[in-house]
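One-letter residues, chain by chain:
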Amino acid sequence: MLKKVIILLLLLLLVGVLFTPVIAEKTETILTDVLGREITVKTPVDSIVIQGSGGGGPFFTLLALGGTEVLNKIVAMDSTLEDNRNDVWQTYVNAIPELEKIQKTGSHTADLNLETVISLNPDVVIVPKNDYNGAVELYNKFEEAGIPVVVMDYHEETLENHKKSIELAGQLIGEEEKAADLYNFYKNQMEIVTSRLENYSGEKPRVYVECANSGADELGNSYGNYMWGALIKKCNGDNIGEGAVETYGIMNEEAILKKDPEVIIFTGSYWPKNPDSFRLGFLADEETAKGTLKPFLSREGWDTMSAMKNNRVYGINHGMSREIFDFAAFQFIAKSLYPDLFADIDPEANLKKFYDIYMPVKLTGKWMIDAGQINE
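Definitions and cut-offs
Once a new chain begins, its residue numbering starts again from 1 and follows that chain's sequence as written. Reporting in this predicted model follows two pLDDT cut-offs: at least 70 for local features of residues, and 80 or more for side-chain atom pairs to be given and counted; totals over whole chains, interfaces and linings ignore these cut-offs and use all residues. The side-chain numbers reported here are obtained from all heavy atoms of the structure, hydrogens and water having been left aside. Only strands that DSSP links by at least two bridges are regarded as paired with each other. Only DSSP runs of H or I covering at least 4 residues are called helices, and only runs of E covering at least 2 are called strands; the numbering of each starts at the N terminus. Note on contacts: a residue pair is in contact if any heavy atoms of the two residues lie within 4.5 Å. Whenever a helix is involved, its axis is fitted only over the stretch in contact; in every case the axis is a line through C-alpha atoms, and angles between N-to-C directions fall within 0 to 180 degrees. Salt bridge, as used here, is a side-chain nitrogen of Lys or Arg placed within 4 Å of a carboxyl oxygen of Asp or Glu. The rule is simple: take the accessible area with a 1.4 Å probe, protein chains only, and divide by the maximum for that residue type; under 20% is buried, over 50% is exposed, in between is partly exposed. Classification of ring pairs rests on two measures: the distance between centres of Phe, Tyr or Trp rings, Trp counted by its six-membered ring, which must be within 6.5 Å, and the angle between planes, read as stacked under 30 degrees, edge-to-face over 60 and tilted in between. For our purposes a nonpolar core is just a set of buried Ala, Val, Leu, Ile, Met, Phe, Trp, Tyr and Cys residues, chained together by side-chain atoms within 4.5 Å. UniProt positions are given in the numbering used here, feature names are shortened, and annotations may be inferred rather than shown by experiment.

**Q** Talk me through the sheet that holds strand β13 (residues 313–317); I want residue IDs and the actual numbers.
**A** Strand order across the open sheet formed by 5 strands is β10-β8-β12-β13-β14, with mixed pairing between neighbours. On the outer flanks of this sheet lie β10 (238–239) and β14 (368–370), each paired with one strand and no other. By the bridge criterion, 3 bridges tie β13 to β14 in an arrangement that is antiparallel. Note on β14: the bridge partner recorded for Tyr-314 is Asp-370.

**Q** Give a detailed account of the environment of Ile-357, specifying residues and quantitative values.
**A** Inspection of the secondary structure assignment puts Ile-357 in helix α15 (residues 347–358). As for Ile-357 and Ala-64, which are separated by 293 residues in sequence, their C-alpha atoms are 8.7 Å apart.

**Q** For the sheet that holds strand β6 (residues 124–128), give the residues involved together with the corresponding values.
**A** Pairing within the open sheet is parallel, and its 5 strands lie in the order β5-β4-β3-β6-β7. Two strands close off the open sheet at either side, each with one partner strand: β5 (103–104) and β7 (149–152). When β6 meets β7, the two strands line up parallel, connected through 4 bridges. Across the sheet, Ile-126 pairs through a bridge with Val-150, a residue of β7. Each of β3 (48–50), β6 and β7 touches helix α8 (residues 159–173); the most contacted strand, β7, lies at about 150° to it.

**Q** Outline the pattern of salt bridges, listing residues and values.
**A** Going through the model one piece at a time under the given rule, you end up with 18 salt bridges. Residues Lys-187 and Glu-191 are paired through a salt bridge, measuring 2.8 Å at the closest nitrogen-oxygen approach. Highlighted residues: Lys-187 and Glu-191, both in helix α9 (residues 176–197), separated by 4 residues, approximately one helical turn. Given a relative accessible area of 27%, Lys-187 falls into the partly exposed group. The partner of Lys-290 in a salt bridge is Glu-286, and the shortest N-O contact between them spans 3.9 Å. Linking Lys-290 with Glu-286, this pair stays in helix α12 (residues 286–293), spanning 4 residues, or about one helical turn. On the accessibility criterion, Lys-290 (19% relative accessible area) is buried.

**Q** Could you give an account of the packing of aromatic side chains, with specific residues and numbers?
**A** Given two aromatic rings, their pairing is described by the distance between the two centres and the angle made by the two planes. Using the criterion set out here, one finds 24 aromatic pairs in the structure. Relative to Tyr-358, the ring of Phe-185 lies with its centre 5.5 Å away and its plane at 75°, an arrangement referred to as edge-to-face. Residue Phe-185 is located in helix α9, and its partner Tyr-358 is located in helix α15; the two are separated by 173 residues in the primary sequence. Of the two residues, Phe-185 and Tyr-358, neither departs from the other in class, the shared state being buried.

**Q** For the nonpolar core, give the residues involved together with the corresponding values.
**A** Counting residues in hydrophobic clusters, the biggest one holds 81 residues, and the most contacted among them are Phe-59, Phe-60, Tyr-92, Trp-228, Met-320, Phe-354 and Tyr-355. Beyond its immediate stretch of four places on either side in the chain, Phe-59 contacts Ile-50, Ser-53, Leu-71, Met-77, Leu-81, Tyr-92 and Leu-99.

**Q** Can you lay out the UniProt feature "domain: Fe/B12 periplasmic-binding" (unreviewed entry) in the chain for me, pointing to particular residues and giving the numbers?
**A** When the UniProt feature table is mapped onto this chain numbering, "domain: Fe/B12 periplasmic-binding" (unreviewed entry) sits at residues 50–345. Annotated as residues 50–345, this span is 40% helix and 13% strand, and its ends, taken at the C-alpha atoms, are 34 Å apart.

What follows is the structure in structure tokens.
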């Protein structure tokens, strides 16, 4: 009898061992972020606070690498995705309702609450370089409280920083192999442009880019060698904003007319508070894009510019720069500058391919437009 009891206990013990959930062992990992700072983090992390969700931050990278399950790790995030990319927010919340339950830390680093983040005791805070540089003292306080801060960067539009940022996200959540795959996809998409431009020795077209968020009656931000300006430079364009604004800012209209851009690119999105803005994205269709771009083509005095005379005006979704899918923006700009060289490239189809492979949301809406389509 005693022997049978012992055997039964051993069997129960064996079953318990076999069916005990496997908990990933954490490793003390030393990471080097885009600023060259060495940060010690116990990986894979279980709790993350993210900043810059509306542009240039870790949100889309983490989703591409970890799928919807990664949202279980995000304990708090800023509200800029909801505030500034409202069509994206609505689409993602409809597909992933639990996204709406994540605690908000404020609209921007400027109102990020130190006490709130410390009370959450996250394993890591991930922040874009531009946000970090604007509030270094605040992020130092997180580190003094024992919370590691990892800095990433997409704003400067360098392949090196994109690679590092994707790798950092992969290391933090234990998806290094998928991060390598994601970077290779991104790199291959970028090389579609760079491989064709490396032997180009012709003249660079003069380009003006403007964020069309305030309506045609008011000039929006243009960009220096930063974000859209950096992409134009990488596409072998002569960005008239470089030297006129440092990172981003409104150019003098007289200076724009004097520079006589040969190509004009307006960026649009969904800004609910600005009904006269140019609209592109999940909630835009062909008709909406054409209708909201048209007033920008009729600005007083702009009909004298080469871009207007030659019908070389284009529109692209504003949120497509400084992200892991900005390769599609890179391709679109290159095609706008050199239509013959890139006639066979379909940037919007390549963006959809990225979404099909990596994102848990289906790509819908209108993301890019050629002003020539307006009169078709």
